[in-house]
Amino acid sequence: DVLQDGAISGVAAARRNENLMLWLQIAHTEQVVTARTGRTPSLPRKARSGRTVMDDQDVLVDGTVAAELACAAGITLRKADYLVEAAIVLVIDEKLPLTARVLQQGRLDWPRLRLVLGRTRGLGAEAAQAVETLVYATRGVLDGGTRRFENALTAAVLAVDADAETKRRARNRKDRRVSI
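Just so we're clear, the structure is a prediction, and the values are computed from it rather than from any experiment. (Residues numbered from 1 in each chain as written. Predicted model: local features only at pLDDT ≥ 70, side-chain atom pairs only at ≥ 80, totals over all residues. Heavy atoms only, no water.)

Looking at the largest pocket, its volume works out to about 500 Å³. Taken together, 13 residues make up the lining of the largest pocket; nearest its centre are Arg78, Tyr82, Gly118, Arg121 and Asn172. Looking at the lining of the largest pocket, the elements with two or more residues in it are helix H3 (77-92), helix H5 (110-120) and helix H8 (162-175). The element that contributes the greatest number of residues to the lining of the largest pocket is H5, accounting for 5 residues. (1 Å grid on protein atoms, 1.4 Å probe; cavity = no way out; pocket = protein on both sides within 12 Å on 5 of 7 lines; lining within 4 Å. Points joined across faces, edges and corners; volume = space filled by probe spheres on them. Helix = DSSP H or I, 4+ residues; strand = E, 2+ residues; numbered from the N terminus.)

The next point concerns the nonpolar core. Core analysis: the biggest nonpolar cluster contains 32 residues, and Ile26, Leu90, Leu113 and Phe149 have the highest contact counts within it. Those elements giving two or more residues to this core turn out to be helix H1 (2-36), H3, helix H4 (97-104), H5, helix H6 (125-137) and helix H7 (146-160). Counting residues per element, this core draws most heavily on H3, which supplies 6 residues. In this structure, Val65, Ala66, Ala70 and Ala80 belong to the second largest nonpolar core, which totals 8 residues. (Core = buried A, V, L, I, M, F, W, Y, C linked by side-chain atoms within 4.5 Å. Buried < 20%, exposed > 50% of the residue type's maximum accessible area, 1.4 Å probe, protein only.)

What follows concerns unusual backbone geometry. For glutamate 94, which is not glycine, the phi torsion reads 50° and is therefore positive. Considering the arrangement of structural elements, one finds glutamate 94 in the loop between H3 and H4. Here glutamate 94 falls in the exposed class, since its relative accessible area comes to 52%.

This next bit is on the confidence of the model for the chain. Residue-level pLDDT values for the chain average 85, and 87% of them are 70 or greater. By mean pLDDT, strand S2 (residues 52-54) is the weakest element of the chain at 58, and H4 is the strongest at 96. (pLDDT = per-residue confidence, 0-100.)

Here we come to helix H2 (residues 61-73). Taking 1.5 Å per residue, 13 residues should reach 18 Å; H2 reaches 18 Å between its end C-alpha atoms and fits that length. Along H2, the positions that sit buried rather than exposed are Val61, Val65, Ala66, Leu69 and Ala70. For H2, the arc enclosing every buried residue in end-on projection is 155°, short of the 170-degree limit, so these residues lie on one face. Buried residues in H2 make contact with H1 and H3. Phi turns positive one or two residues past the end of H2, at glycine 74, with a value near 70°. (Expected span 1.5 Å × (residues − 1). Arc of directions from axis to C-beta. Contact = heavy atoms within 4.5 Å.)

Here it is in structure tokens:
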């Protein structure tokens, strides 16, 4: 019994360490994004007036950092894109401070983080923080399965901005595609 309890505790500790490693990946990604910002030329774009405008934003940074991370870490470009997005949202913009704190504590895993990022993507900082406050106030939301977390997140988004969920569903429906 003692060995089994120790093994169970070991699995739980390893899971928390895995989540902490996710935080470290995001923190290192933020350092790369920050270092590259300002060094990449912005791309010209056409304004509504028809004149060509150069943005101050480095539009190439996110893509180049994601490509380098994917190659160096042996992960997919999609996962690297999510790391870049997480670094920008959690560390650079500090849009979701509670989520960053929970992740630093090793209590938030990759599937839940992706849910939070996806569901708050279209929200402003104030609305996103209200959503995360409601989610993490839900009892046992981090202890159960991902479905419980997703249900709490959906309820929080609907409570804060009912139109946001409708817009997200419409955007997802529009972006659906099948390719070979």
